[in-house]
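Read off the chains here:
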Amino acid sequence: MDAPTTPRKRLRSAHLFREMKRACRSPVPFDEKLDSDNREKVVEFMDELCNDFKLKDTTHGLAVSYCDRFMRSRARPNYEDELIGMVCVLVAAKFDDVKFPSVDALIERVEGNFTRSQVREAELGVLRALGWRLHDTTPHSFLNELDAMITIAPPLRRRAEFFANMATYESRVLQFIPAVLALASLLGGRKQLFPLTATKTYDKMLCAVCGVSHSEVERCLEILLAHFARVFGDSGC
């Protein structure tokens, strides 16, 4: 019964992918002064919070997006990095997840470094700096549509999600929109798990269907693979 509708569903997913791509915010400008080792520490801290409170991978990705936008806001208040990361996770969990940590639990997690009033004030400050615009599309959202389009094998889907999660640590990918990151994550996973099936012809066709520049995906993929090699070496493949 489902077979006749499959092509229609795939076409709908391709159309939705393109619509989501058009709705993406412009890439965050890359700034070496802002995107230093300090950013990586904040991203790692947010990742640890999400793991501690068993939040979704998409929540972490959303929190990182909020943090990057906040750090580039001209009118942003001057908060400690740890407080910014904590509040971005809280806001992302409220917006995206089925649960969110309480303020008291977050304060306990950071050993009482901040008060409830400080957290509430920072939460409002972050929301104002973001213009209350919280619907940021993440690479995971695009991976969902890619899966509906081409039916990604479970091992490849897991590796693509790994690349998408890893990308949050690499500030150089801020120049790309999430649609490009999703495709680069998928192609990077395939290159590692199924290298014999990786062909430029197929890659170009997939990018064309998605309305994404193949050259941009290749540049993004090169950065992701370089980051992977730097962090994991050959042991991660």
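So, how was this worked out
- Residues numbered from 1 in each chain as written.
- Predicted model: local features only at pLDDT ≥ 70, side-chain atom pairs only at ≥ 80, totals over all residues.
- Heavy atoms only, no water.
- Helix = DSSP H or I, 4+ residues; strand = E, 2+ residues; numbered from the N terminus.
- Rg over C-alpha atoms; globule rule 2.2 N^0.38 Å.
- Contact = heavy atoms within 4.5 Å.
- Areas by Shrake-Rupley, 256 points an atom, 1.4 Å probe, with all protein chains shown as cover.
- Lys, Arg positive; Asp, Glu negative; His and termini not counted.
- Charge placed at Lys NZ, Arg CZ, Asp CG, Glu CD.
- Buried < 20%, exposed > 50% of the residue type's maximum accessible area, 1.4 Å probe, protein only.
- Axes fitted to C-alpha atoms, helices over the stretch in contact; angles between N-to-C directions.
- Parallel < 35°, antiparallel > 145°, perpendicular 65-115°, else oblique.
- Left-handed = near helix turned anticlockwise from the far one by under 90°.
- Nonpolar A, V, L, I, M, F, W, Y, C, P; charged D, E, K, R; others polar.

S.K.: Give me the lowdown on the overall build of the chain, citing residues and values where you can.
M.R.: Helices and strands together make up the secondary structure of the chain, namely eleven helices and zero strands. Helices and strands in the chain line up, N terminus first, as α-α-α-α-α-α-α-α-α-α-α. The C-alpha radius of gyration computed for the chain amounts to 19 Å, which stays within 12% of the reference 18 Å derived for 237 residues, consistent with globular compactness. Its C-alpha atoms give the chain principal-axis dimensions of about 55 × 40 × 30 Å. Of the contacts formed within the chain by residues at least 6 apart in sequence, a portion of 79% connects residues at least 24 apart. Here the chain has roughly 12600 Å² of accessible surface; of this, 53% comes from carbon and sulfur atoms. Each charge sign in the chain was given a centre, from 34 positive and 33 negative side chains, and these centres are 7 Å apart.

S.K.: If you had to explain unusual backbone geometry to someone new, which residues and values would you point to?
M.R.: You will see that Lys 54, though not glycine, has its phi angle at about 55°, which is positive. Looking at where Lys 54 falls in the secondary structure, it is placed in the loop between α2 (37-52) and α3 (57-71). Residue class for Lys 54 comes out exposed when judged on its relative accessible area of 63%. Look at Thr 151: it is not a glycine, yet its phi comes out positive at around 55°. Relative to the helices and strands, Thr 151 is located in the loop between α7 (139-150) and α8 (154-167). Overall, Thr 151 belongs to the exposed group, its relative accessible area being 53%.

S.K.: So what about the packing of α7 against helix α10 (residues 200-210)? Which residues, and what values?
M.R.: Two elements in contact, α7 and α10, have axes whose closest approach is 12 Å; the angle formed by their N-to-C orientations is 115°. Here α7 lies roughly perpendicular to α10, going by the angle between them. For the element pair α7 and α10, the recorded crossing hand is right-handed. Contacts from Leu 146, Met 149 and Ile 150 of α7 reach α10 at Tyr 202, Leu 206, Val 209 and Cys 210. A class-by-class count of the residues in the contact of α7 with α10 yields seven nonpolar, no polar and no charged.

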